[in-house]
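Per-entry structural report
Okay, here's what each chain looks like letter by letter:
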Amino acid sequence: MYATPFLDLPPLHSAGGTVNLPGSKSISNRVLLLAALSDGDTTLHDLLDSDDTRVMLTALETLGCTVSRLDDQCVKVRGLGGTLPVREARLFLGNAGTAMRPLTAALALLASTHGATFELSGIPRMHERPIGDLVDALRQLGCPIAYLGHEGYPPLRVGTGVPVPLHLQAPIRVRGDVSSQFLTALLLALPLVATRDVAIEVVGELISKPYIDITLSLLQRFGVNVQREGWQRFTIPAGSRYRSPGDVHVEGDASSASYFIALGAIAPATAGHDGITIQGVGLSSIQGDIRFVEAARAMGADVTGSANQLHIRRGAWPLKAIDLDCNHIPDAAMTLAVMALYAEGSSTLRNIASWRVKETDRIAAMACELRKLGATVEEQEDAIRITPPRTWRAARIHTYDDHRVAMCFSLAAFNPARLPLRIEDPKCVAKTFPDFFETLFSVCEARPSDIPVICIDGPTASGKGTLATAVAAALGYHVLDSGVLYRLVGLAAERHGLPTDTDAISRPDVAAQLGALAATLPVRFEAGRVLLAGEDVTDAVRTESAGMAASRVSALPQVRRALLDLQRRFRTLPGLVADGRDMGTVIFPDAPLKVFLTADAEQRAQRRHKQLISKGIPARIEDLLADIKARDERDTSRQDAPLKPAEDAYRLDNSAQTIEQSVQQVLAWWQATRPFEGG
Ligand code: DC
């Protein structure tokens, strides 16, 4: 997950390959609740692990439910089976509508029958999302519910601690035109009290009907068969009771699939690939958003698939504009709004009033951000009309703590003007798809020259490594510590019994052997560890003697040439910070930012001394100073790629700076190279 303040996407060029989607949010939170309300144990496979499911899991545990994590995506829930071990609790539900609404209904009923009391709250935005229609419906049953903030919105208190009788005779009337989650909440909760037939009547035109289908189909899996008359009346038969089906497999999230369906429709296929394959969700999905496939096809996407898989290729190009009632795919329709940027003509998405009460006011948010890219957007109360940009602009996309805004806008990185794109607060995708950007990068290609590199060159012990790591962490970029590669050559030579002293390496046969060794260096970088032929050499490469050997072998043109490609292969999405001696001069001469870091030799000797001592490695400052001077001399005087600042490098003497000051300076230089308006 990218937890940086922003993530810059370089212009993307092509896409191809296979993605595995995380589990559906709607299904995950429904089955978690159903499992908790059932008799018996339920094992949930491929469950989504995200912010919204985590708040649900925590809430269920707080309510006394036993939850065991079998692995990352597999959870076993021991159902409460009609009991209520905890009679008083406060539940924090973040911004998860799929937890807030059903838990409110289920707990209101349980509190009434068992004489319990619960408080439900969330983040400030959750307290702006309406729940009044659900509360009104529950009050018809006799459930005591109090608003703890504003009338009609969470936080809420359900129950008073004293049992109250429920009025189940008359049909319960609930509005269906604000959020289908109110009806879902009642459908999930009422089987808990169905001592007689209980009827629900929907008032107003029911929106987002496919989500009700998911609810009904999952209820059935847990043993409850709801009778439905059109979309107006639903009856839960007397004697309904939840029974665990044992194992439940959660489908991949169809709304999340929309980004990759759109990707396949927008991106030219990467050489050697035939479009995008999506695993985990397919044409027989029970999720309504699978019908995004039809909308994408209408815009020109070539989508084929089977029960559990989809395959997408670019079809019509440019895409075809559409005018579509999106009531059946409210979430995935946001992806259409971004696809509309690549269409010929204006597209209109209608009947999307529910966008206004989601994670943010999505109509306003989409309009504002699409305009930043240069699109012309007309915003109506329940519709949006988008005309593609005549001239694209490099935009900073504000994401409103709304995962879908972040995910759908990343598709704008395919803009024909080849402008980069900034996604602010990228971690908001954690609501439903924590690894969204990693997954996107795994199937996207950018031209290497479009992938930004920040070069940090300088003499030994100048603090390059520390600075590079901090800058990379701030930007979400990869790091290349090129010195390690030369150190590894020295170490590999030692392991092979090859000499690296100055006399030996001046012999052509030894030089050639060292070059060959460098060309086939069996190195892997894994979770901060350095592995040489499988051996963990993280500490061994850091010793002074490894540094000296590196300095000697690095003077050989054969070794430098052999490491060239290996170093350039580190230039991958979304960007790279590379430190060394010749990053700016030889390896990445086209890098948009080059920094030449220095500090006086005494300072560097002291820093290295501190570093070694802290690791328990004995050292004397005088020896270190002599080593540093010797290495400076060799690194700067060698024939091939000597240590020197690139002509276009910024010089940074950090002798009197804190690390934080140097980091801020480099980030400020970096911002100045970015084309985003306002820096
Ligand atoms: O940065 P370092 O101390 O880990 O580097 C060890 C040696 O490797 C250094 O003395 C010179 C050589 N080196 C190089 O020649 N070119 C680089 N890009 C990085 C390191």
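The structure contained in this document is the topic of the report that follows. (Residues numbered from 1 in each chain as written. Predicted model: local features only at pLDDT ≥ 70, side-chain atom pairs only at ≥ 80, totals over all residues. Heavy atoms only, no water.)

**Observations concerning the nonpolar core**
What counts is decided by this rule: We define a nonpolar core as any set of buried Ala, Val, Leu, Ile, Met, Phe, Trp, Tyr and Cys residues linked to one another through side-chain atoms lying within 4.5 Å. For the exposure calls, accessible area comes from a 1.4 Å probe over protein chains only, and a residue counts as buried if that area is under 20% of its type's maximum, exposed if over 50%, partly exposed in between. Strands here are runs of E lasting at least two residues and helices are runs of H or I lasting at least four, both read from the DSSP assignment and numbered beginning at the N terminus. Pairs of residues are marked as contacts when any of their non-hydrogen atoms sit within 4.5 Å.
Ranked by internal contacts, the top residues of the largest apolar core, which has 86 residues, are Phe260, Leu263, Ile278 and Leu336. For this core, the element with the most residues is helix α7 (residues 254–266), which contributes 9 residues. In contact with Phe260, other than residues within four places in its own chain, are Val19, Leu21, Ile276, Ile278, Ile312, Phe433, Phe436, Thr439, Leu440 and Val443.

**Things to note about the environment of Arg54**
Convention followed: Pairing of N or O atoms within 3.5 Å defines a polar contact, subject to two protein rules: one partner must be a possible hydrogen donor and the other a possible acceptor, and residues neighboring in sequence count only if both atoms are side-chain atoms.
The residue Arg54 is located in helix α2 (residues 51–62) in this model. Taking the relative accessible area as the measure of exposure, Arg54 reaches 36% and is therefore partly exposed. At 3.2 Å, the side chain of Arg54 forms a polar contact with the side chain of Asp49.

**Overview of the site of the ligand**
As a reminder of what qualifies: We call a residue near a given molecule or strand whenever any one of its heavy atoms falls within 4 Å of it. Accessible surface area values rest on a Shrake-Rupley calculation with a 1.4 Å probe, where residue burial reflects the displayed protein chains alone. Classes in brief: Ala, Val, Leu, Ile, Met, Phe, Trp, Tyr, Cys and Pro nonpolar; Asp, Glu, Lys and Arg charged; the others, Gly included, polar.
In the vicinity of the ligand, 17 residues are found, and the nearest of them are Arg487, Arg560, Arg581, Arg631 and Arg638. Here Arg581 contributes a side-chain N or O atom positioned 2.9 Å from an oxygen atom of the ligand. Asp582 is positioned with one of its side-chain polar atoms (N or O) 2.9 Å from a nitrogen atom of the ligand. Contact with the protein chains hides 97% of the accessible area of the ligand, taken as 440 Å² for the molecule alone. Counting residues per element, the ones that place at least two in the shell around the ligand are α14 (482–495), α17 (544–553) and α21 (621–637). In terms of residues, the shell around the ligand owes the most to one element, α14, which gives 4 residues. A breakdown of the residues in the shell around the ligand according to their chemical character gives 3 nonpolar, 6 polar and 8 charged.

**Focus on the sheet that holds strand β26 (residues 421–424)**
Stated formally: Between any two strands, at least two bridges found by DSSP are needed for them to pair.
Strand order in the open sheet made by the 3 strands is β1-β26-β25, with mixed pairing throughout. Because the sheet does not close on itself, it has two edges, and the strands there are β1 (6–9) and β25 (396–397).

**Remarks on the sheet that holds strand β32 (residues 535–536)**
We apply this condition: Here the axes come from fitting lines to C-alpha atoms, over the contacting stretch only for helices, and the angles between their N-to-C directions go from 0 to 180 degrees.
The antiparallel open sheet is built from 3 strands, whose spatial order is β30-β31-β32. The sheet is open, and its two borders are formed by β30 (523–526) and β32, each paired with just one other strand. Across 2 bridges, strand β31 (residues 529–532) lies against β32 in antiparallel orientation. Along β32, the bridge assignment pairs Leu531 with Asp536. Contacting β30, β31 and β32, α14 crosses the sheet at an angle of about 35 degrees to β31.

Everything listed here is a matter of geometry and, on its own, says nothing about what the molecule does.
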